[in-house]
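Read off the chains here:
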Amino acid sequence: METKNIMIVGVGGQGTLLTSRILGGITRIAGYDVKLSEVHGMAQRGGSVVTFVRYGEKVYEPIVEEGQADVLIAFERLEAMRYSHFLKKSGVLIVNDQRIDPMPVVIGASIYPENIIENLEKEHRVLRVDAMAKAKELGNPKVFNIIVLGVAAAYMDFTKDDWLTVIEQTVPPKTIDINIEAFLIGYEMHQ
Amino acid sequence: MQMKEIMLGNEAIARGAYEAGVKVSAAYPGTPSTEISENIVKYKEIYSEWSPNEKVAMEVAIGASISGVRALASMKHVGVNVAADPLFTISYAGVNGGLVLVAADDPGLYSSQNEQDTRMVARAAQVPVLEPSDSEEAKEFVKFAFDMSEKYDTPVIVRTTTRLSHSQGMVNLCNRIEVEDKAYIGNPAKNVMMPGNAKVRHLVVEARTKQMIEEGCDFPINQMEYKDKSIGVITSGIPYQYVKEALPEASVLKLGMVNPLPRKLIEEFAASVENLYIVEELDPVIEEQVKSWGIKAIGKEILTVQGEYSANLLRKAIKKEEIEIKPVAQVPNRPPVLCPGCPHRSVFSVLKKLGIHAAGDIGCYTLGAVAPLNVVDTTVCMGASISTLHGMEKAKGKEYIKNWVAVIGDSTFMHTGINSLINMVYNKGTGTVMILDNSTTGMTGHQDHAATGKTLMGEETIAISIPDLCRSLGIHNVIEVNAFDTKALEKIVKEELRKDEISVIITKAPCVLLSKKLSDTQCNVVSIKCKKCGMCLKPGCPAITKKEDGITVINETMCNGCNLCFEQCKFGAIEKMGR
């Protein structure tokens, strides 16, 4: 099997690191060699956050190269655009349809680009998910990231049972039920 | 059965310390090294502590080693500078129980003030350096480092980089080796480094280095991987992974020990390949030595001394392959910002309103340097805020600093700020120092320190009183104020700046992330009252932005109800409400 390259990008505080931990866990359950690499330090401070996940028979490099991502999971529109050059031609972009203004936009020094998703659709296979609305329906806006992960699961080589096992093992015990519910919403959306 | 786990590089280092039988660990938090201690504390067999700074941490580990147990100190690269004093001398004295320093470098500057290469410091201090290249090796190299430390009577540095510290990979778990405590035998000739003794020890250090240069050739952590001999690469650490990815056909000498260099091994490898490349991030430490032996090699002629490498970078530089990559999208930056509800934002908005400059320091509050706050004018290193302000006063006089303050956090104040404040008192400074006390070490993820009342191991302890400590230095003006009481704060800052003596203003409010949940209240915009003046945007809260029609909107999931925007609005367009 060729090494598979997954990326998760978002804004600090959106749960990118937890999501990557779930991905790490599932590659282990499935018996692959895996490397995960993340940028933190400033991660909680609202900066741009990127996580790389590579799994396969033998993985060397811990980062995904430009033009090599099979799946790019973006928790925010602008971040999807920022990292879109990492996508393979045949890769898929799963983007949470949310806008979070970075400080240069808030203070009027930059402009938030318009029609980001429409423009990305011209070049890539894009799945747009309004995960925040779904998460609010569930009663916990925080689990939106797991809904997005559920959508992305369709493009990775793991069974549904393995996904549910790893979520149970990774999220805080009190939140297992709601996270599983959130995952299934996403999972069933694009199967 | 051997257990396999996915571990962060730092987690694996902690595991390595556990398996090696370490009994004492000391550190000061610093990205990317912090998680080492946060994982070591999970092993009850190890005493672990946050020391106030890296020099102290190093000395604690040295003491433990002298007494006869295995000890670890860990820190980021700039922390090694703080610890350099004891490090250089313990290199002479050597060890009793094994002594290992883990130093985490930050190529690419993900969260540091410089890009220095610890191998340079280690060469100066004549301390051996091991460099692992994934989580499994990180664990195993720590164990090897302890054996080496005891065998060669030397402290050993395990050098990591951000990409290793913060990457996760598979690790095989082994059992802990219970290392018997060594007896302490008094030996002043070895442990008291006064000139007469140190002179003798310097010869020992030179002999030791020579011995390691020879015997290192047989260390299993140095590996020759022969394939196509037309390209040979000498590399180590994380760059090894990029070499394997970009040049799978090449022969590789992977060095586990990068200081001192196993010379014969390198000469043998160099002689057996046609074209030799040296791939190392940051400084040409291996390259310059290898070239000085008359060996032809290519390195920094085609590779950068800045930032992280990647497989693509090597493909381009060595194979001259141009890979077609889509251009990077031009999008607005998303720099890190102070969190919604952060008490520092409140303090900085007052300073900004008063037109005051701040000599800054290392911590979350360094973000006061960026737009829209733009209050912090200098940031050098931990503890430097107070001393740079003092230097300005001595250069330009006390009137000059009437619109300057020093800002420092509580953890940084305990780290090295206290030394600077002592200096200011002693040398008759008159500056105003603001200690932004948020009851934690915020930037690195909420570690305790000497003023929080809790140890790393979770025990209650004396919480050193920062105001009492300042008063004990002889400072008369020590004022505590709630960081969110902007009216009181404004008045106090104006008053204290007028005085011709030292003032310490301690602004208090816990880090908003400490409670891990949003406050019970939040702020909301009453759209019809909003005059689109933008005053509420001035403090730069990431929870507030403008809609396309110019009316302010507050993100309900981000707002922490700090009321700073509520106070800014003159038109009553922002209201407080329950959640």
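Predicted, not measured: the structure shown is a model, and the values here were computed from it.

**Q** I keep staring at the overall build of chain B and nothing clicks. Help me out?
**A** What chain B contains, in helices and strands, is 20 helices and 23 strands. For 579 residues, the compact-globule estimate of 2.2 N^0.38 gives 25 Å, and the C-alpha radius of gyration of chain B, at 27 Å, lies within 12% of that figure. Taken along its principal axes, the extent of the C-alpha atoms in chain B is 80 × 65 × 55 Å. A burial count over chain B gives 59% of its 579 residues as buried. Separation between the mean location of the 64 positive side-chain charges and that of the 69 negative ones in chain B comes to 5 Å.

**Q** Explain the environment of Gly397(B) here, please?
**A** All names here are of chain B. Assignment of secondary structure puts Gly397 in the loop between helix H16 (384-396) and strand S16 (404-409). Residue class for Gly397 comes out partly exposed when judged on its relative accessible area of 27%. Taking the C-alpha atoms as reference points, Gly397 and Gly429, separated by 32 residues in sequence, lie 9.7 Å from one another.

**Q** Please clarify how the side chain of Thr444(B) should be interpreted in this entry.
**A** Residue and element names in this part refer to chain B. Examined against the element boundaries, Thr444 turns out to sit in the loop between strand S17 (432-437) and helix H18 (466-472). Here Gln447 takes part through its side chain, which lies 2.6 Å from a polar atom of the side chain of Thr444. The residues touching Thr444, leaving out its near neighbours within four places in the chain, are Pro29, Gly30, Thr31 and Thr34.

**Q** Would you mind showing me how to read the packing of helix H1 (residues 9-19) of chain B against helix H7 (residues 135-152) of chain B here?
**A** When two helices pack together, you describe them by how their axes are tilted relative to each other and by the distance separating the axes. Residue and element names in this part refer to chain B. Direction vectors running N to C along H1 and H7 enclose 30°, while the axes themselves pass 7 Å from each other. The angle between the axes of H1 and H7 places the two elements in the roughly parallel class. In this structure, H1 meets H7 at a crossing whose hand is right-handed. Counted together, Gly9, Ala12, Ile13, Arg15, Gly16, Ala17 and Glu19 of H1 and Ser135, Ala138, Lys139, Glu140, Val142 and Lys143 of H7 form the full contact between these two elements.

**Q** Explain the domain arrangement of chain B to me, please; I cannot follow it from the model alone.
**A** Interfaces are often described in size by the accessible area the parts lose on coming together. One can read the domain layout of chain B as domain 1 (4-218), domain 2 (223-319), domain 3 (343-508) and domain 4 (521-578). On a C-alpha basis, the centroid separation for the pair domain 2 of chain B and domain 4 of chain B is 56 Å.

**Q** Just checking my understanding: could you explain H7(B) for this structure?
**A** Think of an α-helix as turning once every 3.6 residues; residues three or four places apart then point the same way. Residues and elements named next belong to chain B. End to end, H7 covers 25 Å across 18 residues, agreeing with the expected 26 Å (1.5 Å per residue, within 8%). Residues of H7 that are buried: Ser135, Glu137, Ala138, Lys139, Phe141, Val142, Lys143, Ala145, Phe146, Met148, Ser149 and Tyr152. A distance of 3.3 Å separates the backbone nitrogen of Glu136 from a side-chain oxygen at the start of H7, and that oxygen is part of Asp134. In the stretch just after H7, Asp153 is the one whose phi turns positive, near 55°.

**Q** What's the story with the environment of Ser465(B) in this structure? I'm lost.
**A** Mapped onto the fold, Ser465(B) is located in the loop between S17 and H18. Polar side-chain contacts of Ser465(B) include one of 3.0 Å to the backbone nitrogen of Asp468(B).

**Q** Hey, could you run me through the UniProt feature "binding site: [4Fe-4S] cluster 1" (unreviewed entry) in chain B in this one?
**A** Residue and element names in this part refer to chain B. Per the UniProt entry, the sites bearing "binding site: [4Fe-4S] cluster 1" (unreviewed entry) are Cys530, Cys533, Cys536 and Cys569 in this numbering. For the annotated residues, spread through 40 residues, the largest C-alpha to C-alpha distance comes to 10.3 Å, consistent with a single compact locus. Residue position: Cys530 is located in the loop between strand S20 (521-525) and strand S21 (544-546). Non-local contacts of Cys530, meaning those with residues more than four positions away in its chain, are made with Val525, Ile551, Thr552 and Ala573. Structurally, the position occupied by Cys569 is in the loop between helix H20 (564-568) and strand S23 (574-578). On the basis of relative accessible area, Cys569 is assigned to the buried category, the value being 18%.

**Q** Mind showing me how you'd approach the sheet that holds strand S4 (residues 71-76) of chain B here?
**A** Strands belonging to one sheet form pairs held by backbone hydrogen bonds; the direction of such a pair is parallel or antiparallel. Residues and elements named next belong to chain B. Spatial strand order, S3-S2-S4-S5-S7-S6-S12: seven strands in an open sheet with mixed pairing. Bordering the open sheet on either side are strand S3 (47-50) and strand S12 (257-259), each of which pairs with just one other strand. Where H7 meets the sheet, it contacts S4, strand S5 (99-105), strand S6 (129-130), strand S7 (156-161) and S12, and its direction lies at approximately 160° from that of S7.

**Q** Quick question: what am I supposed to make of the packing of aromatic side chains here?
**A** A ring pair, where both rings are aromatic, is described by two values, the distance of the centres and the angle of the planes. Residues and elements named next belong to chain B. On inspection of all chains with the given rule, the structure shows 13 aromatic pairs over all chains. Aromatic pair Tyr18 and Tyr43: ring centres 4.4 Å apart, planes at 15°, arrangement stacked. You can see Tyr18 sitting in helix H1 and its partner Tyr43 sitting in the loop between helix H2 (35-40) and S3, a full 25 residues away along the chain. Look at Tyr18 and you get buried, because its relative accessible area is 15%. Exposure remark for Tyr43: the relative accessible area of 15% places this residue in the buried category. With 5.7 Å between their ring centres and 25° between their planes, Tyr226 and Phe269 make a pair best called stacked. Within this pair, whereas Tyr226 is found in the loop between strand S9 (223-225) and strand S10 (228-235), its partner Phe269 is found in helix H12 (residues 263-272), the two being separated by 43 residues in sequence.

**Q** I would appreciate a short explanation of the pairing of strand S13 (residues 275-279) of chain B in the present structure.
**A** As a general feature of sheets, a regular strand has side chains that alternate between the two faces. All names here are of chain B. Taken across its five residues, S13 has four buried, putting it largely inside the fold. With five bridges connecting them, S10 and S13 associate as parallel partners. Following the sheet pairing, Ile231 is matched in S13 by Asn275.

**Q** Sorry, what's going on with the pattern of salt bridges here?
**A** Proximity of charged atoms lets side chains of opposite charge pair with each other. Residue and element names in this part refer to chain B. Taken as a whole and judged by the stated rule, the model has 47 salt bridges over all chains. Taking the shortest distance from any N to any O, the salt bridge between Lys254 and Glu137 comes out at 2.9 Å. Taken as a pair, Lys254 in strand S11 (residues 250-254) and Glu137 in helix H7 lie far apart in primary sequence, 117 residues in all. Owing to a relative accessible area of 1%, Lys254 belongs among the buried residues under this scheme. Of the residues examined, Glu137 reaches a relative accessible area of 15% and is grouped as buried. Its salt-bridge partner being Asp500, residue Lys398 comes within 3.9 Å of it at the nearest N-O pair. Of the two residues, Lys398 is situated in the loop between H16 and S16 and Asp500 in the loop between helix H19 (486-498) and strand S19 (503-508); the sequence distance between them amounts to 102 residues. Looking at Lys398, the relative accessible area reads 37%, which means it is partly exposed. When its relative accessible area of 43% is taken as the criterion, Asp500 is described as partly exposed.

**Q** What am I meant to see in the pairing of strand S8 (residues 167-173) of chain B here?
**A** Most of S8(B) sits inside the fold, with seven of its seven residues counted as buried. Judged from the three bridges that link them, strand S2 (residues 33-38) of chain A and S8(B) form a sheet pairing that is antiparallel. Looking at S8(B), one finds that Ser37(A) is bridged to Ser167(B). Direction of pairing for strand S1 (residues 3-8) of chain B relative to S8(B): antiparallel, over a ladder of six bridges. Residue pairing across strands places Glu5(B) opposite Val171(B), the latter belonging to S8(B).

**Q** Quick question: what am I supposed to make of unusual backbone geometry here?
**A** Across residues other than glycine, the phi torsion is negative in most instances, and most of the peptide bonds are trans. Residues and elements named next belong to chain B. The amide bond that connects Thr31 to the next residue, Pro32, takes the cis arrangement and shows omega of 10°. Within the secondary structure, Pro32 sits in the loop between strand S2 (24-27) and H2. Pro372 follows Ala371 through a cis peptide bond whose omega is 5°. Within the secondary structure, Pro372 is located in the loop between strand S14 (357-359) and strand S15 (376-378).

Reading the values: the criteria
Residues numbered from 1 in each chain as written. Chains lettered and ligands numbered in written order. Predicted model: local features only at pLDDT ≥ 70, side-chain atom pairs only at ≥ 80, totals over all residues. Heavy atoms only, no water. Helix = DSSP H or I, 4+ residues; strand = E, 2+ residues; numbered from the N terminus. Rg over C-alpha atoms; globule rule 2.2 N^0.38 Å. Buried < 20%, exposed > 50% of the residue type's maximum accessible area, 1.4 Å probe, protein only. Lys, Arg positive; Asp, Glu negative; His and termini not counted. Charge placed at Lys NZ, Arg CZ, Asp CG, Glu CD. Polar contact = N/O pair within 3.5 Å; in protein donor to acceptor, adjacent residues only side chain to side chain. Contact = heavy atoms within 4.5 Å. Axes fitted to C-alpha atoms, helices over the stretch in contact; angles between N-to-C directions. Parallel < 35°, antiparallel > 145°, perpendicular 65-115°, else oblique. Left-handed = near helix turned anticlockwise from the far one by under 90°. Domains from an automatic or database assignment. Expected span 1.5 Å × (residues − 1). UniProt positions renumbered as here; feature names shortened; annotations may be inferred. Pairing = 2+ DSSP bridges. Phe/Tyr/Trp six-rings, centres within 6.5 Å; stacked < 30°, edge-to-face > 60°. Salt bridge = Lys/Arg side-chain N within 4 Å of Asp/Glu carboxyl O.

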